[in-house]
Amino acid sequence: MYRKLVLFGLMFFLMSACKPGASGGISTTELTGLHTELMALHDSTMVKHGVALKLIDQLDQMILSQPEASLDSIRDELDHSNEAMMDWMAEYTDPVTQDSAALNYLRDQLSLMKEIAQAQGSAISGAKTIMEMKK
Amino acid sequence: MKHFPFISALVFFIYLGCKQSPGPLPILGESEIVNGDTIFHQIPDFSFLDQYGQPYNQDSVFSKVYVSDFFFTKCPTICPKMAQQLLRVHQKFGHNPEFRILSHSIDPKYDTTEALKKYADKLGVGDSRTWHFLSVPKNEISAIAGKYLAAVQQDSTLEEGFTHTGHFLLIDHKRRIRSFCDGTKPNEVDRLMKEISLLLDEKKPQ
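Predicted model, so just to flag it, every value in this text is computed and none were measured. (Residues numbered from 1 in each chain as written. Chains lettered and ligands numbered in written order. Predicted model: local features only at pLDDT ≥ 70, side-chain atom pairs only at ≥ 80, totals over all residues.)

1. Some points on the overall build of chain B
Okay, so step 1: The secondary structure content of chain B amounts to six helices and nine strands.
Okay, so step 2: Among the 206 residues that make up chain B, the fraction classed as buried is 38%.
Okay, so step 3: Nonlocal contacts in chain B, meaning residues at least 24 apart in sequence, comprise 66% of its contacts between residues at least 6 apart. (Helix = DSSP H or I, 4+ residues; strand = E, 2+ residues; numbered from the N terminus. Buried ≥ 20, exposed ≤ 12 C-beta atoms within 10 Å, placed from the backbone. Contact = placed C-beta atoms within 7 Å.)

2. As for helix H6 (residues 186-203) of chain B
Residues and elements named next belong to chain B.
Okay, so step 1: Over its 18 residues, H6 extends 26 Å from the first C-alpha to the last, a length consistent with the 26 Å expected when each residue adds 1.5 Å.
Okay, so step 2: Turning to H6, its buried residues number three or more, namely Val189, Leu192, Ile196 and Leu199. The buried side chains of H6 occupy one side of the element, clustering within an arc of 70° when seen end-on. Residues of H6 that are exposed and angled more than 90 degrees away from the buried face: Asn187, Asp190, Lys194 and Asp201.
Okay, so step 3: Taken together, the buried residues of H6 touch strand E5 (65-71), helix H2 (78-93), strand E8 (167-171) and strand E9 (177-182). (Expected span 1.5 Å × (residues − 1). Arc of directions from axis to C-beta.)

3. Here we look at the nonpolar core
What tends to happen in soluble globular proteins is that the nonpolar side chains get buried as a cluster.
Okay, so step 1: Judged by nonpolar contacts, the single largest core of 59 residues is most densely connected at Ala52, Leu55 and Leu78 of chain A together with Tyr66, Leu169 and Leu170 of chain B.
Okay, so step 2: Apart from the residues lying within four places of it in its own chain, the contact partners of leucine 170 of chain B are Val67, Arg178, Ser179, Phe180, Leu192, Glu195, Ile196 and Leu199 of chain B. (Core = buried A, V, L, I, M, F, W, Y, C linked by C-beta atoms within 7 Å.)

4. Let's talk about the confidence of the model for chain A
Okay, so step 1: Per-residue confidence for chain A averages 86 on the pLDDT scale, and 82% of its residues sit at or above 70.
Okay, so step 2: Predicted confidence for residues 16-23 of chain A stays below pLDDT 50, and this span has seven contacts to residues more than four positions away or in other chains. (pLDDT = per-residue confidence, 0-100.)

5. Section: the pairing of E9 of chain B
Residues and elements named next belong to chain B.
Okay, so step 1: Burial of E9 is extensive: five of the six residues sit out of reach of the surface.
Okay, so step 2: For E8 and E9, the ladder comprises five bridges, and the chain directions are antiparallel. Directly across from leucine 169, in E9, lies its bridge partner phenylalanine 180.
Okay, so step 3: Connecting the antiparallel pair E8 and E9 is a turn made up of five residues, with arginine 175 showing a positive phi of about 60°. (Pairing = 2+ DSSP bridges.)

6. A word on helix H4 (residues 100-134) of chain A
Residue and element names in this part refer to chain A.
Okay, so step 1: When the terminal C-alpha atoms of H4 are compared, their 51 Å separation across 35 residues agrees well with the 51 Å that a helix rising 1.5 Å per residue should span.
Okay, so step 2: All of the buried residues along H4 are Leu103, Leu106, Gln109, Met113, Gln120, Ala123, Ile124 and Ala127.
Okay, so step 3: Lining the buried residues of H4 we find helix H2 (28-65) and helix H3 (69-91).

7. Description of the packing of H2 of chain A against H4 of chain A
All names here are of chain A.
Okay, so step 1: Between H2 and H4, the shortest axis-to-axis distance is 9 Å and the interhelical angle comes to 25°. Taken together, H2 and H4 sit at an angle that is classed as roughly parallel. Judged by the twist between their axes, the crossing of H2 over H4 is left-handed.
Okay, so step 2: Split into classes, the residues belonging to the contact of H2 with H4 amount to 20 nonpolar, six polar and six charged. (Axes fitted to C-alpha atoms, helices over the stretch in contact; angles between N-to-C directions. Parallel < 35°, antiparallel > 145°, perpendicular 65-115°, else oblique. Left-handed = near helix turned anticlockwise from the far one by under 90°. Nonpolar A, V, L, I, M, F, W, Y, C, P; charged D, E, K, R; others polar.)

8. Quick word on the pairing of strand E6 (residues 99-105) of chain B
All names here are of chain B.
Okay, so step 1: The buried count for E6 comes to seven of seven residues, which makes it a mostly enclosed element.
Okay, so step 2: As paired strands, E5 and E6 are joined by seven bridges and run parallel to one another. Bridge pairing in E6 links phenylalanine 70 to histidine 104.
Okay, so step 3: Where the polypeptide runs from E6 across helix H3 (residues 113-123) and back to strand E7 (residues 131-135), its parallel neighbour, the crossover connection is right-handed. (Right-handed = clockwise from strand over helix to strand, strands pointing away.)

9. Describing the interface of chain A and chain B
Okay, so step 1: Contacts between chain A and chain B engage 17 residues on the former and 17 residues on the latter.
Okay, so step 2: Of all elements in the fold, only H2 and H3 of chain A reach the threshold of two or more residues within the side of chain A that touches chain B.
Okay, so step 3: A per-class count over the side of chain A that touches chain B returns nine nonpolar, three polar and five charged.

10. Section: the confidence of the model for chain B
Okay, so step 1: Per-residue confidence for chain B averages 87 on the pLDDT scale, and 83% of its residues sit at or above 70.
Okay, so step 2: The complex prediction reports pTM at 0.82, with the ipTM value standing at 0.75.

Next comes the structure, spelled out in structure tokens:
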């Protein structure tokens, strides 16, 4: 009898551990983690938004005194990366459900945000390099 | 024991005498001496459209004390926290004709006059004549933000990217920066509200 009780208890614990959550098999921890990561990346990208704006101002001044295609091109790159960030925010909405659709949506948004951050980082370092060369 | 009332009164008066009222707030930002006069950092002239589609400029804040911040309506992280704190500021000082709040949007593409009005309505301040939501043209954001946040950059290790920092700037009636705080932290905003009262008192004719 004692062995049966132990076995029953063990099976109960195993089933509890394997049972999907109330969100249809979606881990809410993963959802929260993805959301936190996305928002942190958004904030760090927005900080660089200010850096890009400042560089655009400086490039505009340089272009006035020494117009060059390379300066125009990197200026546009900075501008597009900032626009992409604002466009992303205009499109983004926090998921209201906690299901696989929400998880996929956040994964897609994170991947999109990483692309935006990368493009912005590359435009900023490109601008700094060109500006240093032109000094 | 018979001297106790006398000693107590003496201690009380000494306490009153020593208790200092808070001094005037410092004037922040770089200053220079020109012909013997100190020229303080000042917010330059500006002109932006507010949520009513009306031009809002330096004359609109002439002789006013105001709080300024930078935000955008689609911001999902720090801006909602800042807005909640500014609502507290508005609740306390919104009735004062000598006080204003200027929230500068850094997203001119999406924060049109209509979007700003909608945002103000959503916050419950759609009819406020104290809180102005300003749409800043893209090519002017960096310059105006740099002027407002000069004091913050001078006093801290703030990164170059200054348009998404969550700071509130306290500006006096001569457009000089007198204080700032992290607008996402209620305890810092509590301190700023005390400083707003000080500045409003400072402005009153003696």
